[in-house]
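A structural walkthrough
Residues per chain, in single letters:
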Amino acid sequence: MQLLPLAPGRPRHLPSCSPALLLLVLGGCLGVFGVAAGTRRPNVVLLLTDDQDEVLGGMTPLKKTKALIGEMGMTFSSAYVPSALCCPSRASILTGKYPHNHHVVNNTLEGNCSSKSWQKIQEPNTFPAILRSMCGYQTFFAGKYLNEYGAPDAGGLEHVPLGWSYWYALEKNSKYYNYTLSINGKARKHGENYSVDYLTDVLANVSLDFLDYKSNFEPFFMMIATPAPHSPWTAAPQYQKAFQNVFAPRNKNFNIHGTNKHWLIRQAKTPMTNSSIQFLDNAFRKRWQTLLSVDDLVEKLVKRLEFTGELNNTYIFYTSDNGYHTGQFSLPIDKRQLYEFDIKVPLLVRGPGIKPNQTSKMLVANIDLGPTILDIAGYDLNKTQMDGMSFLPILRGASNLTWRSDVLVEYQGEGRNVTDPTCPSLSPGVSQCFPDCVCEDAYNNTYACVRTMSALWNLQYCEFDDQEVFVEVYNLTADPDQITNIAKSIDPELLGKMNYRLMMLQSCSGPTCRTPGVFDPRYRFDPRLMFSNRGSVRTRRFSKHLL
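Definitions and cut-offs
Residues numbered from 1 in each chain as written. Predicted model: local features only at pLDDT ≥ 70, side-chain atom pairs only at ≥ 80, totals over all residues. Heavy atoms only, no water. UniProt positions renumbered as here; feature names shortened; annotations may be inferred. Disulfide = S-S within 2.5 Å. Helix = DSSP H or I, 4+ residues; strand = E, 2+ residues; numbered from the N terminus. Buried < 20%, exposed > 50% of the residue type's maximum accessible area, 1.4 Å probe, protein only. Core = buried A, V, L, I, M, F, W, Y, C linked by side-chain atoms within 4.5 Å. Domains from an automatic or database assignment. Contact = heavy atoms within 4.5 Å. Pairing = 2+ DSSP bridges. Axes fitted to C-alpha atoms, helices over the stretch in contact; angles between N-to-C directions. Phe/Tyr/Trp six-rings, centres within 6.5 Å; stacked < 30°, edge-to-face > 60°. Arc of directions from axis to C-beta. Salt bridge = Lys/Arg side-chain N within 4 Å of Asp/Glu carboxyl O.

An unreviewed UniProt entry annotates the chain as N-acetylglucosamine-6-sulfatase of Colobus angolensis palliatus. As stated in UniProt under Catalytic activity (unreviewed entry), the record for the chain gives "Hydrolysis of the 6-sulfate groups of the N-acetyl-D-glucosamine 6-sulfate units of heparan sulfate and keratan sulfate." What UniProt states about the chain under its Function (unreviewed entry) heading is, verbatim, "Hydrolyzes 6-sulfate groups in N-acetyl-d-glucosaminide units of heparin sulfate and keratan sulfate."

**A word on the state of the cysteines**
Scanning the model with the defined rule gives 5 disulfides in all. Through a disulfide, Cys-449 is tied to Cys-462; the S-S separation comes to 2.1 Å. With the S-S bond torsion at 110°, the cross-link from Cys-449 to Cys-462 turns out right-handed. Note that Cys-449 is positioned in strand β18 (residues 447-453) and Cys-462 in strand β19 (residues 458-464), a separation of 13 residues in sequence. A residue is classified by how much of its surface remains accessible, and Cys-449, at 0% relative accessible area, is buried. Here Cys-462 falls in the buried class, since its relative accessible area comes to 0%.

**Some remarks on the nonpolar core**
Judged by nonpolar contacts, the single largest core of 101 residues is most densely connected at Phe-76, Phe-127, Phe-221, Phe-317, Phe-391, Leu-395 and Met-498. If you tally residues by element for this core, the top one is helix α14 (residues 492-506), at 8 residues. Two domains each provide a minimum of three residues to this core, namely domain 1 (41-403) and domain 2 (428-521). Contacts of Phe-127, omitting those with residues within four sequence positions, involve Leu-46, Ile-93, Leu-94, Phe-221, Gly-370, Ile-373, Leu-374 and Met-386. Counting 42 residues, the second-largest nonpolar core is a separate cluster that includes Tyr-198, Ala-204, Leu-301 and Val-302.

**Some remarks on the environment of Glu-171**
Along the chain, Glu-171 turns up in the loop between β5 (166-170) and β6 (180-183). Along the sequence, Glu-171 and Lys-189 sit 18 residues apart, while their C-alpha atoms lie 9.9 Å from each other. For Glu-171, the residues in contact, after removing those within four places along its chain, are Tyr-149, Gly-150, Leu-157 and Thr-180.

**Considering the sheet that holds strand β12 (residues 347-350)**
Sheet architecture is open: 10 strands sit in the order β7-β6-β5-β4-β8-β1-β9-β12-β2-β13, paired in mixed fashion. Here the strands that pair on one side only, and so sit at the sheet edges, are β7 (186-189) and β13 (358-360). The sheet shows a mean angle of 15° between the axes of neighbouring strands, direction not considered. Relative to β6, β5 is paired through 3 bridges, and the arrangement is antiparallel. Within the sheet, the bridge partner assigned to Leu-170 lies in β6 and is Leu-181.

**Description of the packing of aromatic side chains**
In the structure shown here, the tally under the stated rule is 29 aromatic pairs. Consider the rings of Tyr-166 and Phe-210, whose centres lie 5.1 Å apart with planes at 75°: the pair is edge-to-face. Placement of Tyr-166 in strand β5 and of Phe-210 in helix α8 (residues 199-213) is noted, with a sequence separation of 44 residues between them. Considered together, Tyr-166 and Phe-210 belong to a single accessibility category, that of buried residues.

**Some remarks on unusual backbone geometry**
Cis geometry is adopted by the peptide bond preceding Pro-232, which originates at Ser-231 and carries an omega value of 15°. Here Pro-232 shows up in the loop between β8 (220-225) and α9 (263-266). Pro-271 follows Thr-270 through a cis peptide bond whose omega is -5°. Mapped onto the elements, Pro-271 comes out in the loop between α9 and α10 (274-307). Here the phi dihedral of Asn-255 falls at roughly 55°; this positive angle occurs in a residue that is not glycine. Note that Asn-255 resides in the loop between β8 and α9.

**Quick notes on helix α2 (residues 63-70)**
Quick reminder: α-helices carry 3.6 residues per turn. Residues three or four places apart thus point the same way. Taken together, the buried positions of α2 are Thr-65, Ile-69 and Gly-70. All buried residues of α2 project into a common sector of 80° when viewed along the axis, lining one side. For α2, the elements touching its buried residues are β1 (43-49), β2 (74-76), α10, β9 (314-320) and β12.

**Section: the pattern of salt bridges**
On inspection of all chains with the given rule, the structure shows 20 salt bridges. Among the salt bridges present, the one from Arg-90 reaches Asp-50, with a minimum N-O distance of 3.6 Å. Here Asp-50 lies in the loop between β1 and α2 and Arg-90 lies in helix α3 (residues 86-95), a separation of 40 residues in the sequence. Here Arg-90 matches Asp-50 in class, with each residue buried. The shortest N-O distance in the salt bridge between Asp-51 and Lys-335 comes to 2.9 Å. Residue Asp-51 is located in the loop between β1 and α2, and its partner Lys-335 is located in the loop between β11 (333-334) and α11 (340-343); the two are separated by 284 residues in the primary sequence. By the burial criterion, Asp-51 is buried, and Lys-335 matches it.

**Some thoughts on the sheet that holds strand β15 (residues 406-411)**
Pairing within the open sheet is antiparallel, and its 4 strands lie in the order β15-β18-β19-β20. Of all strands in the sheet, those with a lone pairing partner are β15 and β20 (471-475), marking the two edges. For this sheet, the mean angle separating the axes of adjacent strands, direction not counted, is 10°. Across 5 bridges, the pairing between β19 and β20 is antiparallel. Considered in β20, the bridge of Tyr-461 is made with Val-473. Packing against the sheet, α14 makes contact with β15, β18, β19 and β20, and its axis sits at approximately 65° to β19.

Have a look at this one:
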């Protein structure tokens, strides 16, 4: 099937392809790779999976992906998301902003997920929109966009976000069969015939079509967002018997009580019931099965790029929107929590100038993807209001590089106003409850954390917005499984430093999100920041309480 762009022929923002006009039109996007240097700027592919963890072996099934991207480039061992939930995290990828700046707080329209407000304020400033309007990139999207995309109250499937030349987006949340796609604003329904409807394969095929029919005059950006390994975990027929002897990892925090943790974690029943363990083991196995089709997609894409002669001039990023847990602290399955298994994700990158078989321990977050890709395109990052930083210098092996020591993680809990009928003993305010009445979320599961990694410290500090003013602190050097909350035993000076940095990050915007943290050797204390009008009442209250 041949894909057609939104506007037939050349993108409307580029009237001609002459180098002279490109120099005028793309003056903000030349950089070191620009037309002036006589070379076409690099292409970029961003592969985004859904709910793929890094901590619990989520990359294990992806042997081809690790060989074709990781071994041919760089693997980041400390990549994080600013919110462990699909829509806020995806909004952070697109905007390069923390949730408190793009205001997407959950997966609902009321939480600003693909809402009219999001479309009006944030979509025009996403990095794909900049790539298309300012840098002359062809832009292609295929797969899951935001969880409420296509909702009638958000413009339906006719809405195509600014910035995309080709649009092939899934209506609402991840599915594998029986779904509807918006193809450049027109609905197309799919059924349950594997050969023509299995979504991961459909995304692979339409991506290959784009590479066959795209213009050869401009560089391209592709974003391919697979449903896997999100529920309902429907594997392709040929993979439904894979991993029969695989079980969820029985690591140190599996099926134990969350002692000294927030009440939501403490309410989980320990030990878990046999039915819950069987359920999460089956889910773990099926998640891996769905990823085998993603592995096939990556192989097909890389081979096609090589066949068309584009591979050596293309950066390929592979990552996930959030992590996942299966039995940790006796929580059966979900995300949304502040722990490593939910906030840490895979990140693999290959491309021009990246040496093979590299591993980086630098602390990066998905708010850095947009700035990095714009940097690759040669765009002046000072013209954006993005909170993230370009890690292109890391990819290119820059020496003596100064880098951040901390990132922000924030989440706004969700609950139901009524008692869960399956769990009448529970009060209103909880959600995501399993049949044995273990709940994965609640209104006051609302928290903000600083994840710190420096030469001397590997720490996480979190504050909950609840009546307890609950605090969790972990030394991940000594306790990588985050079993022991040391908030009451840690040095008060250290606690104060982390609290202060959290207050700064919660009120940051753009460049102020990139200032050195208190664990960074470049940091210089500025007492005026303590009295910034931008700080929230909650963080000031916490500051007074703890300092």
